[in-house]
Amino acid sequence: PKMARSTVCMVSDFFLPNTGGVENHIFQLSRRLLARGHKVIVVTHMYGTHCGIRDLEGLRVYYLPMVAMYNECTYPTIFLSLPSLREIFLRERVDIVHGHSAFSTLCHEAIFHARTMGIKAVFTDHSLFGFSDLSSILTNKLLTVTLCDVQHVICVSHISKDNTILRAGISPASVAVIPNAVESAEFTPLASRLPLDGDITIVVVSRLVMRKGADLLAALIPAACTRWPRVRFLIAGDGPRRGAFEYMRETHNLQARVKMLGTVPHGQVRDVLVQGHVFLNCSLTEAFCMAIVEAASCGLLVVSTDVGGIPEVLPPDMAILARPDVDAMLDAIDTAIARLPAVRPHDLHTRVRTMYSWDDVTAQTAAVYAAVDQLSPRTLEQRMEAIYAVGFVSGKVFVIVVLLVRLALIVLDLLAPVAAPAMRPAPWRQRKRT
């Protein structure tokens, strides 16, 4: 089905100027939906001085005055976010709310309020979760409540789809797999390849956190430097595990062979990647690893752990995969170094450009919107039945929350009608350009 031009509201706690895969995904997808004639807005929380309404290359972004609690996620408030989200949805005449990331509190609240207002919703899951630890149990229960009431779900890989279906208990028919993409024009190799008769540079671009394999990387580097005297490491990224890397450099006297760049803006990542021969990814969990696609687009041979959706991303001649342990990763690096003379960076770039395109991602996402647009709306009773079935306790709790939010919307419609001419915009609604 083909959808008429509509208004789509992207919602997530993760957006520019913060850097990351979710942030880039929302920005690139929004730009191309705008180019296809849709109206697109983004709602996120404030980042430093970014508060209010900003125009970002023609994209309207609402930076709500909400404080981040942990890892850029806002405090769960439900009712405190309702007035602002309601006003945005009504003023912008939003047709579809598209939430991103199960980690995002604002995403869950926006979908919940949108559905209570009768607005259709789509959710994109960007991560993999477990089932046994407390954080995963709580997140999965919240995800179950959210996804029982959305019209469609998008996952970035097939393993991510299986994971989401198991976590939320939803029908596979309501889940589509649409991978990420890369702006290949921004990730190009050097005009001439780096020489192989000198040092071999291994590049790492990653947040230095446990789930990204920071501890594995810190243990691997000294062993690699001992095994290959010509190998150098260039690490871009920061995080709570940086101290382990500084300690490793001091302990093994590797200051000259391990260079730490700290946080690098996404626009400068290409300049870091083209300084290396091999890209190393040590993630312990990934739904879809954008970093290895960007590295391959720059002509680097990839060495990565074989976790999550990574085996789906690149073919074996472009990425050498191994178990997430030191010995297996060292053997994979050994294989990569032996293959380097046969690598043609510009050939890798051309292949990535044909494999991953934001235009393809946008077309598939627009097709999901069109299918959602054809669905008949749910009644309040149908919503409550779906939510009630989520759990013996949680189902009853969230049914009560639905009724309270519905009552709050009725009160807001009486006290603060959006069309009232006497309404003055709050200070945070002043528009700025970036």
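Residues numbered from 1 in each chain as written. Predicted model: local features only at pLDDT ≥ 70, side-chain atom pairs only at ≥ 80, totals over all residues. Heavy atoms only, no water.

A. Examining the overall build of the protein chain more closely. Each helix and strand counted, the protein chain has 14 helices and 17 strands in total. In terms of overall dimensions, the protein chain is globule-like: its C-alpha atoms have a radius of gyration of 23 Å, near the 22 Å expected for 434 residues. Projecting the C-alpha coordinates of the protein chain onto the three principal axes gives extents of approximately 75 × 45 × 45 Å. Classification of the 434 residues of the protein chain by burial places 54% in the buried group. A sequence separation of at least 24 residues applies to 72% of the contacts in the protein chain between residues at least 6 apart. For the protein chain, the computed accessible surface area is about 19,000 Å², with 58% contributed by carbon and sulfur atoms. Averaging the locations of the 43 positively and 38 negatively charged side chains of the protein chain gives two centres separated by 6 Å. (Helix = DSSP H or I, 4+ residues; strand = E, 2+ residues; numbered from the N terminus. Rg over C-alpha atoms; globule rule 2.2 N^0.38 Å. Buried < 20%, exposed > 50% of the residue type's maximum accessible area, 1.4 Å probe, protein only. Contact = heavy atoms within 4.5 Å. Areas by Shrake-Rupley, 256 points an atom, 1.4 Å probe, with all protein chains shown as cover. Lys, Arg positive; Asp, Glu negative; His and termini not counted. Charge placed at Lys NZ, Arg CZ, Asp CG, Glu CD.)

B. Summary view of the pattern of salt bridges. In the structure shown here, the tally under the stated rule is 22 salt bridges. Note that arginine 31 is salt-bridged to glutamate 57, the shortest N-O span being 3.8 Å. Within this pair, whereas arginine 31 is found in helix 1 (residues 21–35), its partner glutamate 57 is found in the loop between strand 3 (52–56) and strand 4 (59–64), the two being separated by 26 residues in sequence. Across the pair arginine 270 and aspartate 271 runs a salt bridge whose closest N-O atoms are separated by 3.5 Å. Members of the salt-bridge network, linked through shared partners, are Arg115, Asp149, Arg378 and Arg383. (Salt bridge = Lys/Arg side-chain N within 4 Å of Asp/Glu carboxyl O.)

C. Region of interest: the sheet that holds strand 12 (residues 231–236). As summarised here, the arrangement of the 6 strands in space is 13-12-11-14-15-16, forming an open sheet in which the pairing is parallel. With partners counted over all chains shown, the strands left at the sheet margins are strand 13 (258–262) and strand 16 (319–322), one partner each. Averaged over all pairs of adjacent strands, the angle between strand axes in this sheet comes to 20°, irrespective of strand direction. Strand direction decides the pairing type here: strand 11 (residues 200–205) and strand 12, joined by 6 bridges, are parallel. Paired with isoleucine 200 across the bridge in strand 12 is valine 231. Across the sheet, helix 9 (residues 290–297) touches strand 11, strand 14 (278–281) and strand 15 (301–305), and the angle it forms with strand 14 is around 180°. Sitting on the sheet, helix 10 (residues 326–339) touches strand 11, strand 12, strand 14, strand 15 and strand 16, and the angle it makes with strand 15 is about 170°. (Pairing = 2+ DSSP bridges. Axes fitted to C-alpha atoms, helices over the stretch in contact; angles between N-to-C directions.)

D. Summary view of the packing of helix 2 (residues 82–91) against helix 14 (residues 394–415). The interhelical angle for the contact between helix 2 and helix 14, taken along N-to-C directions, is 65°, at an axis separation of 11 Å. Crossing of helix 2 against helix 14: the hand is right-handed. Across the interface between the two elements, Leu82, Pro83 and Arg86 of helix 2 pack against Val405, Ala408, Leu409, Leu412 and Asp413 of helix 14. The residue inventory of the contact of helix 2 with helix 14, partitioned by class, reads 6 nonpolar, no polar and 2 charged. (Left-handed = near helix turned anticlockwise from the far one by under 90°. Nonpolar A, V, L, I, M, F, W, Y, C, P; charged D, E, K, R; others polar.)

E. Summary view of a nonpolar patch on the surface. A cluster of nonpolar side chains, contributed by Leu407, Ile410, Val411, Leu414 and Leu415, occupies part of the molecular surface with about 530 Å² of accessible area. Mapping leucine 414 onto the fold places it in helix 14. (Patch = residues over 30% accessible without salt bridge, like charges linked within 9 Å, V, L, I, M, F, W, Y side chains within 5 Å.)

F. Expanded view of the layout of surface pockets. In this structure, the second largest pocket encloses a volume near 200 Å³. Along its surface, the second largest pocket is lined by 13 residues, and Leu16, Asn24, Phe27, His266 and Gly267 are the ones closest to its centre. Residue classes in the lining of the second largest pocket are distributed as 3 nonpolar, 7 polar and 3 charged. (1 Å grid on protein atoms, 1.4 Å probe; cavity = no way out; pocket = protein on both sides within 12 Å on 5 of 7 lines; lining within 4 Å. Points joined across faces, edges and corners; volume = space filled by probe spheres on them.)

G. Structural context of the packing of aromatic side chains. Scanning all chains against the criterion turns up 3 aromatic pairs. With 4.7 Å between their ring centres and 40° between their planes, phenylalanine 103 and phenylalanine 129 make a pair best called tilted. Here phenylalanine 129 lies in the loop between strand 8 (120–125) and helix 4 (134–147) and phenylalanine 103 lies in the loop between strand 7 (96–100) and helix 3 (105–116), a separation of 26 residues in the sequence. Residue phenylalanine 103 is classed as partly exposed on the basis of its relative accessible area of 34%. Since its relative accessible area comes to 9%, phenylalanine 129 is described here as buried. Ring geometry for phenylalanine 288 against tyrosine 356: centres 5.6 Å apart, planes inclined by 80°, an arrangement best described as edge-to-face. Here phenylalanine 288, found in the loop between strand 14 and helix 9, pairs with tyrosine 356, found in the loop between helix 11 (345–355) and helix 12 (358–373); they are 68 residues apart in sequence, far enough to count as distant. Tyrosine 356 matches phenylalanine 288 in its accessibility class, with the two residues each being buried. A cation over an aromatic ring shows up here: arginine 383 above the ring of phenylalanine 112, its NZ or CZ 5.8 Å from the ring centre. When the ring centre of phenylalanine 392 is taken as origin, the NZ or CZ atom of lysine 396, which lies over that ring, is 4.0 Å away. (Phe/Tyr/Trp six-rings, centres within 6.5 Å; stacked < 30°, edge-to-face > 60°. Lys NZ or Arg CZ within 6 Å of the ring centre and 35° of its normal.)

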